[in-house]
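# Inside the fold
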Amino acid sequence: PALYTLVCKRAGLLPRETIYVDSCPDALLPAKEIGMTTVLCKTGADGVKQIESLMDLPLTNFAWSRDVYAKVLWVSNKDCQTTDA
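So, here is what we can say about the structure in this document. All values derive from a computational prediction rather than experimental measurement. (Residues numbered from 1 in each chain as written. Predicted model: local features only at pLDDT ≥ 70, side-chain atom pairs only at ≥ 80, totals over all residues. Heavy atoms only, no water.)

## Quick notes on the environment of Gly35
Among the secondary structure elements, Gly35 is positioned in the loop between helix H2 (25–33) and strand E2 (37–40). As for Gly35 and Thr18, which are separated by 17 residues in sequence, their C-alpha atoms are 8.6 Å apart. Non-local contacts of Gly35, meaning those with residues more than four positions away in its chain, are made with Pro15 and Arg16. (Helix = DSSP H or I, 4+ residues; strand = E, 2+ residues; numbered from the N terminus. Contact = heavy atoms within 4.5 Å.)

## Observations regarding the nonpolar core
By size, the foremost hydrophobic cluster in this structure holds 5 residues: Tyr4, Cys8, Ala27, Ala31 and Met36. For this core, the secondary structure elements donating two or more residues are helix H1 (2–11) and H2. Not counting residues within four places of it along the chain, the set of residues in contact with Met36 comprises Tyr4, Cys8, Pro15, Thr18, Tyr20 and Ala31. (Core = buried A, V, L, I, M, F, W, Y, C linked by side-chain atoms within 4.5 Å. Buried < 20%, exposed > 50% of the residue type's maximum accessible area, 1.4 Å probe, protein only.)

## Describing the packing of aromatic side chains
Pairs of aromatic rings are described using the distance from one ring centre to the other and the angle between the two planes. A full pass over the atoms with the stated rule returns 1 aromatic pair. Taking 5.2 Å as the distance between ring centres and 80 degrees as the angle between the ring planes, the aromatic pair formed by Tyr4 and Tyr20 counts as edge-to-face. Taken together, the positions of Tyr4 in helix H1 and Tyr20 in strand E1 (residues 19–22) put the pair 16 residues apart, joining distant regions of the chain. You can call Tyr4 buried: its relative accessible area is 14%. Take Tyr20: its relative accessible area is 23%, and that puts it in the partly exposed class. (Phe/Tyr/Trp six-rings, centres within 6.5 Å; stacked < 30°, edge-to-face > 60°.)

## Description of the side chain of Asp22
Within the element layout of this structure, Asp22 appears in strand E1. Lacking a salt bridge, the buried Asp22 has Lys42 as its closest oppositely charged neighbour, with an N-O distance of 8.6 Å. Within the local environment of Asp22, its side chain forms a polar contact with the backbone nitrogen of Cys24, the two atoms lying 2.9 Å apart. (Lys, Arg positive; Asp, Glu negative; His and termini not counted. Salt bridge = Lys/Arg side-chain N within 4 Å of Asp/Glu carboxyl O. Polar contact = N/O pair within 3.5 Å; in protein donor to acceptor, adjacent residues only side chain to side chain.)

## Some words on the pairing of E2
Across 4 bridges, E1 lies against E2 in parallel orientation. Its bridge partner being in E2, Asp22 is matched across the sheet by Leu40. Between the parallel pair E1 and E2, the chain is carried across by H2, and the sense of this crossover is right-handed. (Pairing = 2+ DSSP bridges. Right-handed = clockwise from strand over helix to strand, strands pointing away.)

## Details of H2
Regarding H2, the residues found buried are Ala27, Leu28, Pro30 and Ala31. Along the long axis of H2, the arc covered by the buried residues comes to 160 degrees, so they all point the same way. In this structure, H2 carries Asp26, Lys32 and Glu33 as exposed residues pointing more than 90 degrees from its buried face. Packed against the buried residues of H2 are H1, E1 and E2. (Arc of directions from axis to C-beta.)

Don't take any of this as a statement about function, it's just geometry.
Spelled out as structure tokens, the structure:
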């Protein structure tokens, strides 16, 4: 939970003001413990749909389409994953 708290602090946000998205259920637990809203998604598109629902805000009203947001979420998630060496 300390890392999640630090991220919120650096962003100038309270945990209850954030949404943490991940495809790994275990990664969501510490975020939820400190009060973040969490989203478990299996694909980028799924994550975007869930965020849209939580925020009651269609992201497709912005410059990127839902597909582009989904790709960014999914690629970013894969870039952050670690593997055992």
